[in-house]
Amino acid sequence: MRLIGVRGCDALARAVPLASVVTPIACAAAPLEHSALAPAGVQAEHIVRLWDLTLVVCGCVFAAVLAGVLFALWKRRSTDAAAPPALDVYVQPEHRTQRAVVWASMLSVVLLVALIVADVVTDRALSKLPDANAVRIDLTGWQWWWQARYAAGPSHGFFITANELHVPVGRPIVISLKAGDVIHSFWVPSLHGKKDLLPGITSTIEFRADRPGVYDGPCAEYCGAEHALMALRVVADPPDRYAAWAAAQAANAPQPSDDLAVRGMQVFERSTCANCHMVRGTSATGLLAPDLTHLMSRQTIAAGVLPNDAADLTRWIRDPGAVKPGTTMPAVPLTTPDLQALVAWLTTLK
Ligand code: CUA
């Protein structure tokens, strides 16, 4: 887990030694929404209704069983301990007990069938989101980050981004899920249930966000050493703000204006950074790592591990393995002036 601004970071810091390095910065940020019990969309509402029903039914059954056990114990204590045990129950059937067992069994069957029906009804409701005018996103899970490709829309062209999805409130979102290497799992509990990403198989998840907010979606299937440091963030924007965001994402990176940033771009283009990362509008066209064209529009770097600012970018680029052990991003040997220039340019990628 996590990562920046997630609930439960303190518990995490106790449980995972690495997290104790990461969370002091991380937990300073505002908490994200991460609760299946606080739905922010129609799909999550169906799921929470099923949960509520299951909780009430199972809670009542539990209370009834407990009451029965306590009653039996109380009755046993209230009989005379010195009196010899009544043996006639072994030769004469206890009609009252038999009737109670039959009724309890029938009630159990009825309740179980009711839960199965509710489950099927929920499943059907989940698959019935109309997808007219949907936003279509291809999401690929990699060790340990998310690549998102947005299909062209009426007001913008195709673009790629990473680790942070923006979606418009009130419109259906259709996400095609692929695994680039090993199994991962998409789970944004405030919006929908889980869906695994399986190598070689494309699966689909559809949801709609009905209220603006920032929703947390850590990878939910163990996928290697940094499984816990692979956060996805879903930002649900009002439609006009989403349209502005998408149009800005589809544009090429701004050209650097000051000398330091120009030098930073040259450092980027001639170093190994450009082999893996893409920055549209430059000669860097790599697709093995996050697209950095509008890097500064994202709230975090390294898939939720660090806040996205100049100091943390410097720290991350200088030694990625120290921040996220096992990451596939190598430490690129750069002189301090080159690193400063590189970071100065990266922070212009708004
Ligand atoms: Cu990706 Cu766990």
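The coordinates are above.
The model shown is predicted, which means the values in this text are computed figures rather than measured ones. (Residues numbered from 1 in each chain as written. Predicted model: local features only at pLDDT ≥ 70, side-chain atom pairs only at ≥ 80, totals over all residues. Heavy atoms only, no water.)

Draft legend 1. Local environment of the overall build of the protein. The helix and strand tally for the protein stands at 10 helices and 12 strands. A total of 350 residues make up the protein; the buried ones form 42% of that total. Put simply, 65% of the contacts in the protein that link residues at least 6 apart link residues at least 24 apart. Surface summary for the protein: the accessible area is close to 18,100 Å², and the carbon and sulfur share equals 64%. (Helix = DSSP H or I, 4+ residues; strand = E, 2+ residues; numbered from the N terminus. Buried < 20%, exposed > 50% of the residue type's maximum accessible area, 1.4 Å probe, protein only. Contact = heavy atoms within 4.5 Å. Areas by Shrake-Rupley, 256 points an atom, 1.4 Å probe, with all protein chains shown as cover.)

Draft legend 2. Just the packing of aromatic side chains, in detail. Taken as a whole and assessed by the stated rule, the structure comprises 8 aromatic pairs. Relative to Trp 245, the ring of Tyr 150 has its centre 5.3 Å away and its plane inclined at 65°; by these criteria the two rings are edge-to-face. In this pair, Tyr 150 sits in strand β2 (residues 145–150) while Trp 245 sits in helix α5 (residues 239–250), placing the two residues 95 residues apart along the sequence. Pair check on accessibility: Tyr 150 and Trp 245 agree, each one buried. Both rings, one in Phe 159 and one in Trp 245, keep their centres 5.4 Å apart while their planes meet at 80°; by these two values the pair is edge-to-face. (Phe/Tyr/Trp six-rings, centres within 6.5 Å; stacked < 30°, edge-to-face > 60°.)

Draft legend 3. Structural detail: α5. Over its 12 residues, α5 extends 16 Å from the first C-alpha to the last, a length consistent with the 16 Å expected when each residue adds 1.5 Å. Those residues of α5 not exposed but buried are Tyr 242, Trp 245, Ala 246 and Gln 249. Seen along its axis, α5 keeps its buried residues to an arc of 95°; they face one direction. Tucked into the core, α5 has its buried residues touching β1 (135–142), β2, β3 (159–162), β4 (164–168) and β10 (233–237). (Expected span 1.5 Å × (residues − 1). Arc of directions from axis to C-beta.)

Draft legend 4. Quick peek at the pattern of salt bridges. All told, the structure shown has 8 salt bridges when counted by the stated rule. Here Asp 338 and Arg 270 are joined by a salt bridge, their closest N and O atoms 3.3 Å apart. Of this pair, Asp 338 sits in helix α10 (residues 336–346) while Arg 270 sits in helix α6 (residues 259–270), placing them 68 residues apart in sequence. Take Asp 338: its relative accessible area is 12%, and that puts it in the buried class. The exposure class assigned to Arg 270 is exposed, which follows from its relative accessible area of 58%. Measuring nitrogen to oxygen at the nearest pair gives 3.7 Å for the salt bridge that ties Asp 291 to Arg 280. Of the two residues, Asp 291 is situated in the loop between α7 (273–276) and β11 (300–301) and Arg 280 in the loop between α7 and β11; the sequence distance between them amounts to 11 residues. In this structure, a network of salt bridges that share partners links the residues Arg 263, Arg 270 and Asp 338. (Salt bridge = Lys/Arg side-chain N within 4 Å of Asp/Glu carboxyl O.)

Draft legend 5. The arrangement of the environment of Thr 300 in detail. Note that Thr 300 resides in strand β11. Only 3.2 Å separates the side chain of Thr 300 from the backbone nitrogen of Gly 304, close enough to count as a polar contact. (Polar contact = N/O pair within 3.5 Å; in protein donor to acceptor, adjacent residues only side chain to side chain.)

Draft legend 6. Main features of the sheet that holds β4. If you walk across this open sheet you meet the 3 strands as β4-β10-β9, and the pairing is mixed. Two strands lie at the open edges of the sheet, namely β4 and β9 (213–216), each paired on one side alone. The mean angle between the axes of side-by-side strands here comes to 25°, regardless of whether they run parallel or antiparallel. In terms of strand pairing, β9 meets β10 through 4 bridges, oriented antiparallel. Considered in β10, the bridge of Val 214 is made with Val 235. Against the sheet, α5 contacts β4 and β10, and its axis sits at roughly 135° relative to β4. (Pairing = 2+ DSSP bridges. Axes fitted to C-alpha atoms, helices over the stretch in contact; angles between N-to-C directions.)

Draft legend 7. Quick peek at the sheet that holds β3. With mixed pairing, the 5 strands of this open sheet are ordered in space as β3-β2-β1-β5-β8. Either end of the sheet is taken by a strand with one partner, and the two such strands are β3 and β8 (203–208). Mean inter-strand twist for the sheet, computed between neighbouring axes without regard to direction, equals 25°. Examined bridge by bridge, β1 and strand β5 (residues 172–179) share 7 bridges and lie parallel to one another.

Just distances and angles here, no functional claims.
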